[in-house]
Amino acid sequence: MQEVLKNIIDERKAVLGEVKKVLIERLNLYQEPQDIDEDTPLFGSGLKLDSVDATEVVVMLDMSFGIKVEEGTDPSFMRNINQLVDFILEHKRATEAA
Amino acid sequence: MNGLLALHNQQAKNVISVNGIEVPNQYSELDKEYYALRHNVALSDYSHYSKLKIEGDEAFDVLDVSVAGDVAEIRDEQTLHTVLLDEAGNIITDVYIMNDDDSYVVLAEHVDDATLMNLFQERMGEFEDVEMTSLTQSHAIVAVEGPYSWELAKEIYGMDVIGIPFLGFIALEDDTYLLRAGKHGEFGYKVILPIQEAEALWKEIEEKGMRYELVKAGLALHKLTRLENPYFSPAGSGSVSRDPRELQLQWMVRYDKDEFFGREPLLEKRDQALTKIIVGVVLEQEGEIKAIGSGDVIFCNGEEIGKLVSCGYSPSLKKVIAQGFIDKAYAYAGIDAYVIKSADGVERKINTTATPFINNHSMLINPNENSFVNPDKFRNMLEQLEAKEAKEAEA
Amino acid sequence: MTTVNRKKRVAKDFVLIEPFMLQKLALFRQPFMMVDKIINFKNGERPKITSIKTVAANEPHFTGHFPGFPVMPGVLIAETFGQTSEYMNVILQFIEDYQQETGNKLEDLHELKGAIHCPEGVERVKKISTNLMGFLASQDLKFRGVVYPGDVLEITSELFLVDSTGFNHFNVEARVGKKIVCSGRMSNWRQIHTGFGIQEDKLQKKETI
């Protein structure tokens, strides 16, 4: 695999791993990280979180990734694990560019 | 006689047989049906779902030992969306299990009536205090779905509709259930009712639906929306794999449940390395490219890393979307380094992505605040927020 | 294909430990009796207990919490978890002691009920509770719904781990009807209590009893 691609994938893997680890801990999920698929929805089906759990996601973004989610942000950023990671990586790019 | 089917035969473009039951495949123009489901309200007939009522003292036990999900999770008026596994730990079909106090109603889209009953009978083991009644022939399923389907359903069934959570249901009189569920990412309400009542309900919904610009839709529409919001699909990704891990459906099983059919092989699988996964794929190029098809090979730097499964044109994204069955090392969302080679010999760039592919309109709608028909209310939360900000800017 | 054992059935309204018996056993007393009755218990690798606490409008704390708008305080919901889990610890010890004496594992819930609801049963429990007390170590709870007078709390506690230092860890959940109003984890530890305020090491327990 090419270096550039490998780095992108490694970066994504790292964030995926961290997100799953923290969610499992903070939300008392029964799963191990490999049991949670990347497209697993957070709400409705999938992890079936409720609004109280949603606050944990916001806290996680702040404490583990330094992201402060503003009020009124379109909640689709936490639709599933992949979209949460997309959000985190986007934010990382934005801060690096700045 | 089935009045509803007679109606379909008169009015629908075509009717097909699924699981031995006849349902409309296409009602009008596919793009009109699509628009209605994605923007306001569509009316569909899902009577082809196999329906099984399971009651008796050991009903819970029979269910819990047969499916891979945790039936103890659901209480009265709640539904479990889970799967039945085979002896290799692979998915046979997904099922909805509705807990109606002491009894259960099981809905299955992908197997016929006899197969569904058989699956439970094979798995019930020593449990015998149970009665299984098929509702497949006796009951129809009329579905009103779309971002404002809650509002139309409320007109027919009252304010209680607004309170039904996703996968919740209400048991109504006359052997009727109103289930909030759908496999398209929009609000959706399925009415499971005795077949002789179905025609009257269909007509009532059609009439009341006029203010909502309701369009009648068939299974062809749902096949399309299933592309954008993927679910377990025997004809789609289910044709290349039935492994919950490869299909990204691990959430439908409970590895920590003590006993169920297929548990040991499932746990064995869990310990083995994963080789391939289904990942969402979007074409970089816009437009409906007919040359692209299932089976097209995915390449990374000239190396074959996977194949397309289940592809089609997404009217919302205006691009071709697909699911890729990709080697694990490459199977991540957010990658733009891969290409596909299609039947026309052309290589085209693709992006891997999270699924569902689209942000459904229903996500922007709050039934407590918004309305389609009431001019005093905003259509969705976005409009509401914008108006609020505009007002504050003025002040 | 997995073989399945036929579970022993109890009626839907079965009560494992009756309210009057909880009073007799006196593990807790008013004004801090937060469990009305025990309705289910399942032994095994991860023992699980279910209890009921009915929330009544005339409970004293409602006058202050909040004035004119009674809401069950979260700490009291938390206390129901602690007490329910402690009852489970006692039942587990009871079953162990009973088996040692009689050889009967008390696998049938009706038998277990009978073994508790008799003078010998009461004495056995008192012996256990006089020597051992449960102390709360930690709770990690999410309060997902508000609880009001008239609600019937169905509390479940599952002992999922006894760690190497002797702490018991529970998964706890409280429901009102089908809605989960509170869920999370708690842990407690059990301490030999001689009644003189002198505490002895748990390890010595085997000699004292």
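Residues numbered from 1 in each chain as written. Chains lettered and ligands numbered in written order. Predicted model: local features only at pLDDT ≥ 70, side-chain atom pairs only at ≥ 80, totals over all residues.

Asker: Outline the overall build of chain A, listing residues and values.
Answerer: Across its full length, chain A holds three helices and zero strands. Computed over its C-alpha atoms, the radius of gyration of chain A comes to 14 Å, within 12% of the 13 Å expected for a compact globule of 98 residues. Based on the C-alpha atoms only, the size of chain A along its principal axes is roughly 40 × 30 × 20 Å. Expressed as a percentage of the 98 residues in chain A, the buried residues total 29%. (Helix = DSSP H or I, 4+ residues; strand = E, 2+ residues; numbered from the N terminus. Rg over C-alpha atoms; globule rule 2.2 N^0.38 Å. Buried ≥ 20, exposed ≤ 12 C-beta atoms within 10 Å, placed from the backbone.)

Asker: Quick rundown of the interface of chain A and chain B? Include the residues and the values.
Answerer: Each side of the interface is counted separately: chain A has 24 residues, and chain B has 19 residues. When residues of the side of chain A that touches chain B are traced back to their parent elements, those giving at least two are α1 (3–26) and α3 (81–97) of chain A. In terms of residue class, the side of chain A that touches chain B is made up of eight nonpolar, 10 polar and six charged. (Contact = placed C-beta atoms within 7 Å. Nonpolar A, V, L, I, M, F, W, Y, C, P; charged D, E, K, R; others polar.)

Asker: Tell me about the packing of helix α1 (residues 3–11) of chain B against helix α7 (residues 195–208) of chain B, and please be specific about residues and values.
Answerer: All names here are of chain B. At their nearest, the axes of α1 and α7 sit 6 Å apart, and the two run at 50° to each other. With respect to α7, the axis of α1 lies oblique. Of α7, the residues touching α1 (which contributes G3, L4 and L7) are A198, E199 and W202. (Axes fitted to C-alpha atoms, helices over the stretch in contact; angles between N-to-C directions. Parallel < 35°, antiparallel > 145°, perpendicular 65-115°, else oblique.)

Asker: Provide a residue-level description of the nonpolar core, including the pertinent values.
Answerer: Across soluble globular proteins, nonpolar side chains show a tendency to be buried alongside one another. Residue and element names in this part refer to chain B. Core analysis: the largest hydrophobic core is formed by 112 residues, its most contacted members being L63, V67, V83, V95, I97, V106 and V142. With six residues, the top contributor of residues to this core is strand β6 (residues 91–100). A domain-level breakdown of this core finds at least three residues from each of domain 1 (3–49 + 137–227) and domain 2 (273–353). In this view, I97 contacts L63, V67, V71, I74, T79, L80, T82, Y104 and V106; residues no more than four positions away in its chain are not counted. (Core = buried A, V, L, I, M, F, W, Y, C linked by C-beta atoms within 7 Å. Domains from an automatic or database assignment.)

Asker: Tell me about the sheet that holds strand β7 (residues 103–108) of chain B, and please be specific about residues and values.
Answerer: Residue and element names in this part refer to chain B. One open sheet accounts for five strands, arranged β5-β6-β7-β4-β8; its pairing is antiparallel. Looking along the sheet, the strands with just one partner apiece sit at the ends: β5 (78–85) and β8 (131–134). With direction set aside, neighbouring strand axes in the sheet form an average angle of 25°. Here eight bridges tie β5 to β6, and the two strands are oriented antiparallel to one another. Looking at the pairing, T82 lines up with V95 of β6. (Pairing = 2+ DSSP bridges.)

Asker: Residues and numbers for the pairing of strand β1 (residues 14–18) of chain B, please.
Answerer: Residues and elements named next belong to chain B. As judged from the five bridges shared by β1 and strand β2 (residues 21–26), these two strands associate in the antiparallel manner. Paired with S17 across the bridge in β2 is E22. Here β1 folds back onto β2, and the loop between the two strands holds two residues, one of which, N19, carries a positive phi near 55°.

Asker: Break down helix α10 (residues 381–394) of chain B for me, citing the residues and quoting the values.
Answerer: In a regular helix each residue adds 1.5 Å, so 14 residues correspond to 20 Å; α10(B) covers 20 Å between its end C-alpha atoms and thus fits that length. Of all 14 residues in α10(B), zero are buried, a share of ten percent or less. (Expected span 1.5 Å × (residues − 1).)

Asker: Outline the domain arrangement of chain B, listing residues and values.
Answerer: Residue and element names in this part refer to chain B. Partitioning chain B into domains gives domain 1 (3–49 + 137–227), domain 2 (273–353) and domain 3 (366–394). One C-alpha centre belongs to domain 1, the other to domain 3; they are set 28 Å apart. If you look at the interface, domain 1 gives seven residues, while domain 3 gives five residues. When its residues are assigned to classes, the side of domain 1 that touches domain 3 shows four nonpolar, one polar and two charged.

Asker: Let's hear about the sheet that holds strand β14 (residues 276–286) of chain B: which residues, and what values?
Answerer: All names here are of chain B. Spatially, six strands are ordered β14-β17-β16-β15-β18-β19 in a closed barrel, and the strand pairing comes out antiparallel. Strand-to-strand, the axes of this sheet are offset by a mean angle of 45°, without reference to chain direction. The pairing of strand β16 (residues 303–314) with strand β17 (residues 319–327) spans seven bridges and is antiparallel. Along β17, the bridge assignment pairs S314 with K319. Helix α8 (residues 219–228) rests against β16 and β17 of the sheet, and its axis sits at about 135° to β16.

Asker: Explain the packing of helix α3 (residues 59–66) of chain B against helix α4 (residues 113–123) of chain B to me, using residue names and the numbers behind them.
Answerer: Residue and element names in this part refer to chain B. Where α3 meets α4, the axes come as close as 9 Å, and the angle between the chain directions of the two elements is 95°. Here α3 lies roughly perpendicular to α4, going by the angle between them. From α3, V62, V65 and S66 reach across to α4, where they touch L119, F120 and R123. Taken together, the residues of the contact of α3 with α4 break down into four nonpolar, one polar and one charged.

Asker: Give me the lowdown on the pairing of strand β4 (residues 50–55) of chain B, citing residues and values where you can.
Answerer: A regular strand places its side chains so that they alternate between the two faces of the sheet. Residue and element names in this part refer to chain B. Note: β4 against β7, five bridges, orientation antiparallel. Counterpart to S50 in the pairing with β7 is A108. When β4 meets β8, the two strands line up antiparallel, connected through four bridges. Across the sheet, E55 pairs through a bridge with E131, a residue of β8.

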